[in-house]
Amino acid sequence: MPSSPTTVHSTSTQAVANHLSVAIVDDHPAIREALRRTAESRMSMEVVAEAGSNEEALRLIKEHSPDVAVLDLVLRDGQSFSLIETLRAERPETGLLVFSMCDEAIYAERVLRGGASGYIMKPAGTEAVLKAAERVGDGKMYLSSEMTTRVLLRAEKGSGKEIRFPIDELTSKELDVFKMVGRGMTAGAIADQLGLARKTVETHRREAKEKLGYETIHEVTSHAARWVQAGVQAEEQANPA
């Protein structure tokens, strides 16, 4: 059911000492209410702001300075990647936890790269989300056990260097080609759209395959298709018919 045109709630009371102050950002009032009620049942947590859009979230988080912001990845005015990057730059003291229906295997790496400190899938439930928020508020990272394993494996391979995800390794052109492959476009069609030689497109596609750790073009095409589909689903959630 679509959210109402204006779904913002905030409190004028600042979080008291030793309380974790939290902002809840989701365009579904029922989800915000469920998280707020669960948070209010905890003596150590206080919800200081609620918002249903990127614009509202930015304004309220700047105003209330919460310890943690729990953010849906898809809001009524679009995805929150830019919001995450802006908050990380302008309010680095606020921990950012993304909770979403979008597949963590596709999106977790993107939000972590953008500056979030954690990612949790909505089916985990409100208790799990708030426990994750507490971890982020304590200055730690939160990921599911599956994603944690992936990160640790990459950290081991990197011999202690800064953790990077496969998508991070793609150049802008390789990422453009990757997305177009995911939309089912042929090398020739991609070449026409990008104004590149077909051989150059094939090179970018091959480089993407190798950087993502795949053996065949079919595997990278499948990954690209899932990536694109996840983006389509996210847009549909943000703009329901």
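Residues numbered from 1 in each chain as written. Predicted model: local features only at pLDDT ≥ 70, side-chain atom pairs only at ≥ 80, totals over all residues. Heavy atoms only, no water.

S.K.: Any chance you could explain the overall build of the chain here in plain terms?
M.R.: In terms of regular secondary structure, the chain is built from 10 helices and eight strands. The proportion of buried residues among the 241 residues of the chain is 45%. A separation threshold of at least 6 residues defines the contact pool for the chain, and within that pool the share at least 24 residues apart is 66%. Summed over its atoms, the accessible surface of the chain is roughly 12,200 Å², and 51% of this surface lies on carbon and sulfur atoms. (Helix = DSSP H or I, 4+ residues; strand = E, 2+ residues; numbered from the N terminus. Buried < 20%, exposed > 50% of the residue type's maximum accessible area, 1.4 Å probe, protein only. Contact = heavy atoms within 4.5 Å. Areas by Shrake-Rupley, 256 points an atom, 1.4 Å probe, with all protein chains shown as cover.)

S.K.: Which parts of the structure should I look at to understand the packing of helix 8 (residues 187-194) against helix 9 (residues 198-211)?
M.R.: When two helices pack together, their arrangement is given by the angle between the helix axes and by the axis-to-axis distance. Between helix 8 and helix 9, the shortest axis-to-axis distance is 8 Å and the interhelical angle comes to 110 degrees. Comparing their axes, helix 9 and helix 8 come out roughly perpendicular. Touching A187, G188, I190 and A191 of helix 8 are R198, V201, E202 and R205, all from helix 9. Its residues assigned to classes, the contact of helix 8 with helix 9 comprises four nonpolar, one polar and three charged. (Axes fitted to C-alpha atoms, helices over the stretch in contact; angles between N-to-C directions. Parallel < 35°, antiparallel > 145°, perpendicular 65-115°, else oblique. Nonpolar A, V, L, I, M, F, W, Y, C, P; charged D, E, K, R; others polar.)

S.K.: Could you clarify how one ought to interpret the confidence of the model for the chain in this entry?
M.R.: In low-pLDDT regions, the fine details of the predicted coordinates are not to be read closely. Taken over all residues, the pLDDT of the chain has a mean of 81, while the share at 70 or more is 79%. Every residue in residues 1-17 is under pLDDT 50, and counting partners more than four places away or in other chains gives 37 contacts. (pLDDT = per-residue confidence, 0-100.)

S.K.: What should I look at first to understand the side chain of D26 in this one?
M.R.: Here D26 is to be found in the loop between strand 2 (20-25) and helix 1 (29-40). Given the relative accessible area of 0%, D26 is considered buried. Within the local environment of D26, its side chain forms a polar contact with the backbone nitrogen of H28, the two atoms lying 2.7 Å apart. Those residues in contact with D26 that lie beyond four places of it in its chain are I31, R32, A51, G52, D72, L75, F99 and K122. (Polar contact = N/O pair within 3.5 Å; in protein donor to acceptor, adjacent residues only side chain to side chain.)

S.K.: What exactly am I supposed to notice about the packing of aromatic side chains here?
M.R.: The way to describe two aromatic rings as a pair is by their centre distance and the angle between their planes. One pass over the full model with this rule turns up one aromatic pair. Between F81 and Y107 the ring centres are 5.9 Å apart and the planes differ by 20 degrees, which places this aromatic pair in the stacked class. In this pair, F81 is assigned in helix 3 (residues 81-90) and Y107 in helix 4 (residues 104-114), connecting sequence segments 26 residues apart. This pair shows no difference in class: F81 is buried, exactly as Y107 is. The ring centre of F99 lies 5.1 Å from the NZ or CZ of K122, which sits over that ring. (Phe/Tyr/Trp six-rings, centres within 6.5 Å; stacked < 30°, edge-to-face > 60°. Lys NZ or Arg CZ within 6 Å of the ring centre and 35° of its normal.)

S.K.: Looking at this model, I keep getting lost on the pattern of salt bridges. Mind explaining?
M.R.: Any two side chains of opposite charge can pair if their charged atoms end up close together. Inspection of the entire model under this criterion finds 14 salt bridges. The partner of R36 in a salt bridge is E50, with the nearest N and O atoms 2.6 Å apart. One end of the pair, R36, is in helix 1; the other, E50, is in strand 3 (residues 45-51), with 14 residues separating them in the sequence. Accessibility expressed as a relative area gives 2% for E50, which makes it buried. (Salt bridge = Lys/Arg side-chain N within 4 Å of Asp/Glu carboxyl O.)

S.K.: What am I meant to see in the nonpolar core here?
M.R.: Here is a general trend for soluble globular proteins: nonpolar side chains tend to be buried in one another's company. Judged by nonpolar contacts, the single largest core of 45 residues is most densely connected at I61, L71, L73, V111 and Y119. Of the residues forming this core, the biggest block, five residues, is contributed by helix 4. The contacts of I61, once residues within four sequence positions are left out, are A23, V25, P66, A69, L71, L87, R91 and T94. (Core = buried A, V, L, I, M, F, W, Y, C linked by side-chain atoms within 4.5 Å.)

S.K.: How do you make sense of empty space enclosed by the protein when you look at a structure like this?
M.R.: Any empty space left between atoms is shown by rolling a water-sized probe over those atoms. Under the counting rule described, the total for this entry stands at one cavity of 30 Å³ or more. Of the voids in this model, the largest cavity is the one considered here, and its volume is about 30 Å³. For the largest cavity, the full set of lining residues is V177, F178, V181, R205, A208 and V220. Elements with a contribution of two residues or more to the lining of the largest cavity: helix 7 (172-182) and helix 9. Counting residues per element, the lining of the largest cavity draws most heavily on helix 7, which supplies three residues. Taken together, the residues that form the lining of the largest cavity break down as five nonpolar, no polar and one charged. (1 Å grid on protein atoms, 1.4 Å probe; cavity = no way out; pocket = protein on both sides within 12 Å on 5 of 7 lines; lining within 4 Å. Points joined across faces, edges and corners; volume = space filled by probe spheres on them.)

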